[in-house]
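Structural description and commentary
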Amino acid sequence: MNKNKRNLMEEYTGRDPRVKAACPFCGLPVERPAELKTHRPFEMPVGACSCGAVYAYDATGHNLGTAFSEALVFASNMDWDLAWNLLPGEDYLEDLVENYDIESNCIIPVGAYEGRRISGALYFIRMHNDIQEVTRPGVQSKLKQAKPVARPVPAARQKRPKKIDKKEIEQLVAGYQLEPLLDIAAGDKGIIRYLQRMLYTGDELLRLKTADVLGQVSAVIARYEPNAVSRLLQRLFTSISDAGYGSSNWGAVDTIGEIIAGSPDIFGGYTPTLFQFLEEDDANLRPSVLRAMGVIARVKPELINKTYSYFTGFIRMEDDRTRGYAVLLIKHLASSTTTRPGVPEAKAELAAVTGDRRVIGIYTRGVLEQRSIGQLATEALEALGGQG
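Residues numbered from 1 in each chain as written. Predicted model: local features only at pLDDT ≥ 70, side-chain atom pairs only at ≥ 80, totals over all residues. Heavy atoms only, no water.

1. Considerations on the nonpolar core
Core analysis: the biggest nonpolar cluster contains 73 residues, and Ile169, Ile191, Leu195, Leu274, Met293, Phe311 and Val327 have the highest contact counts within it. Broken down by element, the residue count for this core peaks at eight residues, all from helix H15 (residues 320-334). One finds Ala34, Val46, Phe68 and Leu86 within the second-largest nonpolar core, a separate group that totals 25 residues. (Core = buried A, V, L, I, M, F, W, Y, C linked by side-chain atoms within 4.5 Å. Buried < 20%, exposed > 50% of the residue type's maximum accessible area, 1.4 Å probe, protein only. Helix = DSSP H or I, 4+ residues; strand = E, 2+ residues; numbered from the N terminus.)

This is the structure we're talking about:
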């Protein structure tokens, strides 16, 4: 039995089963978690103790991996890069308080209260003092603007799982029939593993359709179990790293791009890892990464936090896919309202390839269209317009 839970059971001796929720690090009472002003879809409510510890609320008690991630990122003042570079024990301490009831803001050691099953949990993270000095002011500022949780966070899936049929899944993806696939995903996250296996196909269009569908079903699954999608992302990144130099990534990079684009407010923090692959000297991997970044940039360009100059070097490369997807990425970045340096350099490089007649495949909503690099460059120049 969890130490905190055992202590609370020993403490409970009266008729009232409630014990005031308290910080496991300092023992002081904590306030009911709240929703941040910049509330992301399916984000968990959070709070902070006066000792500097922060906590995330998991309504079900079954998504503790996600609760840990939420608490760690919030303790890092929403700095994803900082959060994933911290080491447990060395940079922060963690603890779990179970049987938490958000309605009463109490711990219910017996697991039930007023006819309700109490299964919530608070996942606590306490940064070491040197890190707190940097992150705590931002954390406190965000909490001041937070809103109370009006009702318990809904916990479960809303649909009865539909039995998954492998052949049916393959036919639906091939025909790009999204509605039944999303309906299955609403009730069963197991569809992820079927789709992931379909990435291992030599049919480029089918592979891109599968990556697209995976991004969309992941957005549905993230509504009730975001941790399942996080694990999928981690497997995809691992498969790329394990493939080795010059090996095929079998749609992993495209799928990562589609998942981030499908739920940018939840999984946008994974974007910086793509830049690590882009900087590797792997001609096979590079165009896929640029293509995935283009998918993300089309939805949330601020996640691609580089200057235009960073990408213009890829336009000068001889490989047609690398050149073409770099041009397409710049086009998507230029189409947004986000301003970024390097416009003159981008315009010069784009102008230099407007006569390039080589074609690349551009995938959109189940269709793979062949477009010339020169045409894409002209469109990117038009998107840049009067910038610079």
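2. Some points on the pairing of strand S12 (residues 367-372)
Of the pairings in the sheet, the one linking strand S11 (residues 359-364) to S12 comprises six bridges and is antiparallel in character. The residue bridging Ile362 from the neighbouring strand is Glu369, located in S12. Count of turn residues in the S11/S12 antiparallel hairpin: two residues, of which Arg365 carries a positive phi of about 50 degrees. (Pairing = 2+ DSSP bridges.)

3. Things to note about the packing of aromatic side chains
By the definition in use, this model includes 11 aromatic pairs. Ring geometry for Phe267 and Tyr270: centres 6.4 Å apart, planes at 50 degrees, overall tilted. Classification of Phe267 by relative accessible area gives buried; the value is 2%. Take Tyr270: its relative accessible area is 14%, and that puts it in the buried class. Grouping aromatic residues by their ring pairs yields a cluster made of Phe237, Phe267, Tyr270 and Phe277. The residue whose ring lies beneath Lys306 is Phe275, and the NZ or CZ to ring-centre distance is 5.2 Å. Positioned over the ring face of Tyr308 is Arg340, at 5.9 Å from the centre of the ring. (Phe/Tyr/Trp six-rings, centres within 6.5 Å; stacked < 30°, edge-to-face > 60°. Lys NZ or Arg CZ within 6 Å of the ring centre and 35° of its normal.)

4. Comments concerning the side chain of Thr60
Relative to the helices and strands, Thr60 resides in the loop between strand S4 (54-58) and helix H2 (64-75). A polar contact is formed between the side chain of Thr60 and the side chain of Asp58, at a distance of 3.1 Å. Among the polar contacts listed, one links the side chain of Thr60 to the backbone nitrogen of His62, at a separation of 3.0 Å. (Polar contact = N/O pair within 3.5 Å; in protein donor to acceptor, adjacent residues only side chain to side chain.)

5. A word on the pattern of salt bridges
Charged atoms that come close allow side chains of opposite charge to pair. Using the criterion set out here, one finds 11 salt bridges in the structure. Its salt-bridge partner being Arg316, residue Glu349 comes within 2.7 Å of it at the nearest N-O pair. Taken together, the positions of Glu349 in helix H16 (residues 343-352) and Arg316 in the loop between helix H14 (308-315) and H15 put the pair 33 residues apart, joining distant regions of the chain. For Arg316, a relative accessible area of 53% puts it in the exposed group. (Salt bridge = Lys/Arg side-chain N within 4 Å of Asp/Glu carboxyl O.)

6. Structural notes on the packing of H14 against H15
Two quantities define a packed helix pair, namely the angle between the helix axes and the distance between the axes. Relative orientation of the contacting elements H14 and H15 amounts to 155 degrees, with a least axis distance of 8 Å. Taken together, the axes of H14 and H15 lie roughly antiparallel to each other. The element H14 and its partner H15 pack so that their crossing is left-handed. Of H15, the residues touching H14 (which contributes Tyr308, Phe311, Thr312, Phe314 and Ile315) are Thr322, Arg323, Ala326, Val327, Leu329, Ile330, Leu333 and Ala334. Of the residues in the contact of H14 with H15, the class split is 10 nonpolar, two polar and one charged. (Axes fitted to C-alpha atoms, helices over the stretch in contact; angles between N-to-C directions. Parallel < 35°, antiparallel > 145°, perpendicular 65-115°, else oblique. Left-handed = near helix turned anticlockwise from the far one by under 90°. Contact = heavy atoms within 4.5 Å. Nonpolar A, V, L, I, M, F, W, Y, C, P; charged D, E, K, R; others polar.)

7. A word on unusual backbone geometry
With a phi close to 65 degrees, Met78 is a non-glycine residue in the positive phi region. Position of Met78 relative to the elements: it lies in the loop between H2 and helix H3 (80-83). On the basis of relative accessibility, which here comes to 26%, the residue Met78 falls in the partly exposed class. Of note in this structure, Tyr176 is not a glycine but carries a positive phi near 50 degrees. Checked against the element boundaries, Tyr176 lands in the loop between helix H5 (166-174) and helix H6 (178-187).

8. Notes on helix H10 (residues 252-262)
Every α-helix carries 3.6 residues per turn, so stepping three or four residues along brings you back to the same face. Counting buried residues along H10, 10 of its 11 residues qualify, which places the element largely inside the surrounding structure. Every buried residue belonging to H10 is among Ala252, Val253, Asp254, Thr255, Ile256, Gly257, Glu258, Ile259, Ile260 and Ala261, and all of these are buried.

9. Section: the pairing of strand S9 (residues 120-127)
Most of S9 is tucked away, with seven of its eight residues classed as buried. Relative to S9, strand S5 (residues 92-101) runs antiparallel, the two sharing eight bridges. Bridging across to S9, Leu96 finds its partner in Tyr123.

10. Things to note about a positive patch on the surface
A cluster of like positive charges, contributed by Lys166, Lys167, Arg193 and Arg197, occupies part of the molecular surface. Mapped onto the fold, Lys166 is located in helix H5. (Patch = residues over 30% accessible without salt bridge, like charges linked within 9 Å, V, L, I, M, F, W, Y side chains within 5 Å. Areas by Shrake-Rupley, 256 points an atom, 1.4 Å probe, with all protein chains shown as cover. Lys, Arg positive; Asp, Glu negative; His and termini not counted. Charge placed at Lys NZ, Arg CZ, Asp CG, Glu CD.)

11. So, H6
When we look at burial in H6, the residues that qualify are Leu181, Ile184, Ala185, Ala186 and Gly187. Residues of H6 that are buried make contact with H5, helix H7 (191-198) and helix H8 (204-221).

12. Here we look at the environment of Pro180
Relative to the helices and strands, Pro180 resides in helix H6. By relative accessible area, which is 25% here, Pro180 ends up partly exposed. Along the chain, Pro180 and Glu168 lie 12 residues apart, while their C-alpha atoms are 9.9 Å from each other.

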